[in-house]
Amino acid sequence: MSTSPIRPGGPIDVPRPSVNGLRLQVRRASRDVGGAGRVLHDITLDIAPGQLTVIAGSSGAGKTILLQMLAGLSAPTEGEVLHDGGQPGPPGREFGFVPQEDIIHRELTLRRTLVYAAGLRMLPGTPALTLTATVDRVLETLGLSDRAGTPVRALSGGERKRASIAVELLTRPRVLFLDEPTSGLDPVTGADLLRTLRALAEDGTTVVLTTHVLADLLRCDQVVFLTARGEVAYAGEPAALCGAFGVGTVEEVYEAVSGGVRIERAAPPDDIHQSDVGSQSGEPKRVGALRQWALLTRRGTALLLHNRLSVAVLAGSPVMIVAMFALLFRAGAFDPVRPDPGSTAMIMFWIAFGAFFFGLTYGLLQICTELPVLRREWLAGLRIGPYVASKLTTMLPVLAAADALLLVVLRAWDRLPAAGWGTYGSLFASSVLASTAALALGLLASAAVSEPGQATLMLPLLCFPQVLFSGAFVPVPRMTGAGEAISWAMTNRWAFEALGSGVGLESLWREGASPLGPPLLESYGDSFGHPASRGWLILAAFALAFLAWTWVILLRKCRQGAVKGRAGR
């Protein structure tokens, strides 16, 4: 075999040493899915190590479900799936799965993306030189070395698909599953990708893929053709496919299968012997939680700085809020002799809302845009806790800087009082905690939705209640019982009250010469009579609750389709 790397249209090879492929066996397996009922019926298959197998069939035949079942990501309702003669273990370093969606971030360069992926997937304690050498080897293997410095978003469709495969090859898996890898590719690019997969199979990796592309069926070792009911119509060599159905083309095979034609095959023997390699067992060794958090934080910061939309939001939100203050409020509202109580209350509210808006907008797009990446990395050993924590630590310094800038500018423009470090320390703490709670709420919403467009629609839905029930425009004592109950769930209320307490609104209104002070004191009741620390504790509790809820949602989404009974991470 040649020692040159895989390159489209050229010599193909995978660096030695060869991989010892995984044997896959399915015995009379059926699968029920939710309200759809039984989608796979009595499937029996045998996929030899180092074999390239294509699963084909019409739309809705259950190809992806069969692929997931073969991979051990979902358990058969009846029958069994065996890996090297034993029950499938948790996905680990010897397992590769490429879904239809990209499992790589698009903002960073290809090489940097793979370096972060390698840090999360490779064995703990792997030296940095070994890690980078592995990335270089995989890039060369897939013919992507000359694209290593290119942002992933600038790669072609075929290159991005090979980049997703590159992520899986970092740990030299024994088996590689791919869900429609050639879908959407032009014929030449699709053929190049199949040649890449063929080379991996020749090196020993067991490769299984689903496809709608007719030409893929003739480039594999084994074709598994499913009927519309999810039964095996044919399983065998591609050269015998058309002859088995008495037709001349693959297109006619589809017609014959849709007409109910099946090829009866002798059932494979039921006695299954454990191979010399043995099945995967036990929980795969993973990178520690602290190291995962550090890697994810570094990657999140890099992604943030390379995402144009994120940079625009980061820069635009503070500018918008500061401009609003300049237009709405006159200077001198906090003059201790003749304060403007109405303006001081509104300034505190808009500081609270500005901190909330910063946090919410920064959090809304953090998770929903990378859910396919998260799901795949979770299967590779990523813990949800470090992932959620990394989002917090990536964004908090930015939010703190935005809040500090807002307070500095407002003081410079005389929209805040001349006070000491104690007062401004309290205002800063209230603002940061308000932003933290809002960020956690944004992460929760981002985890709950399924696409960025839905997250964008959540912005006004989450903002309006925070304005109406904050207690600023309608003081809490003046609300109805239902309104007051709702206000308890609004983080903006507690931020507004903490800010008002920290700046001393109650004493300012009582001691100032403005006739508006006493009526406002009466309408707001004891809203500003509590220490600011009360609001801080409530805001921190909200943040922790939102983050815990985010963790639960992400764990549930990652576990969807996983083997029943597998312990969650």
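Basis of the calculations
- Within each chain, residues carry numbers counting from 1 in the order of the written sequence.
- Selection of residues for local features in this predicted model requires a pLDDT of at least 70, selection of side-chain atom pairs for listing and counting requires 80 or more, and totals for whole chains, interfaces and linings are taken over all residues.
- Excluded from the side-chain calculation are hydrogens and water; included are all heavy atoms of the structure.
- Here's how the labels work: a residue is buried when its accessible area is under 20% of the maximum for its type, exposed when over 50%, partly exposed in between, all with a 1.4 Å probe on protein chains only.
- Here a helix means four or more residues in a row that DSSP labels H or I, a strand means two or more in a row labelled E, and each is numbered from the N terminus.
- Being paired, for any two strands, means DSSP has found at least two bridges between them.
- When the strands point away from the viewer, a crossover counts as right-handed if the route from the first strand across the helix to the second turns clockwise.
- The predictor's confidence in any single residue is recorded as pLDDT, a number from 0 to 100.
- Residue contacts follow a heavy-atom distance rule, with two residues in contact if any of their heavy atoms lie within 4.5 Å.
- Lines fitted to the C-alpha atoms define the axes, with helices restricted to the stretch that makes contact. Angles between their N-to-C directions range from 0 to 180 degrees.

Engineer: Got a minute to help me understand the pairing of strand 6 (residues 175-179) in this structure?
Structural biologist: Working note: regular strand, side chains alternate between the two faces of the sheet. Across the five residues that make up strand 6, a large majority, five, are buried. Burial along strand 6 is two-sided: the residues V175, F177 and D179 and L176 and L178 are all buried. Taken together, the four bridges between strand 5 (residues 95-98) and strand 6 define a ladder with parallel strand orientation. Bridging across to strand 6, G96 finds its partner in L176. In terms of strand pairing, strand 6 meets strand 7 (residues 206-210) through five bridges, oriented parallel. If you follow V175 over to strand 7, its bridge partner there is T206. One crossover worth recording links strand 6 to the parallel strand 7 by way of helix 5 (residues 187-202), and it is right-handed.

Engineer: I keep staring at the confidence of the model for the protein chain and nothing clicks. Help me out?
Structural biologist: A low pLDDT score tells you not to read the predicted coordinates there in detail. Averaged over the protein chain, the pLDDT score is 85; the fraction of residues at 70 or greater is 89%. Here residues 1-17 is a poorly scored stretch, pLDDT under 50, and it has 45 contacts once near neighbours within four places are set aside; other chains count. Below a pLDDT of 50 lies the segment residues 271-282, which in the model reaches 27 contacts outside its immediate sequence neighbourhood of four places, other chains included.

Engineer: Explanation requested: the sheet that holds strand 4 (residues 78-83) in the structure shown.
Structural biologist: Strands belonging to one sheet form pairs held by backbone hydrogen bonds; the direction of such a pair is parallel or antiparallel. The three strands are arranged 2-1-4 in an open sheet whose pairing can be described as antiparallel. Each edge of the open sheet is held by one strand with a lone partner, namely strand 2 (37-47) and strand 4. In this sheet, adjacent strand axes meet at a mean angle of 25 degrees when their direction is disregarded. By the bridge criterion, five bridges tie strand 1 (residues 24-33) to strand 4 in an arrangement that is antiparallel. Note that in strand 4 the partner of Q25 across the bridge is L82. Along the sheet face, helix 1 (residues 63-71) touches strand 1, strand 2 and strand 4 and points at about 55 degrees away from the line of strand 2.

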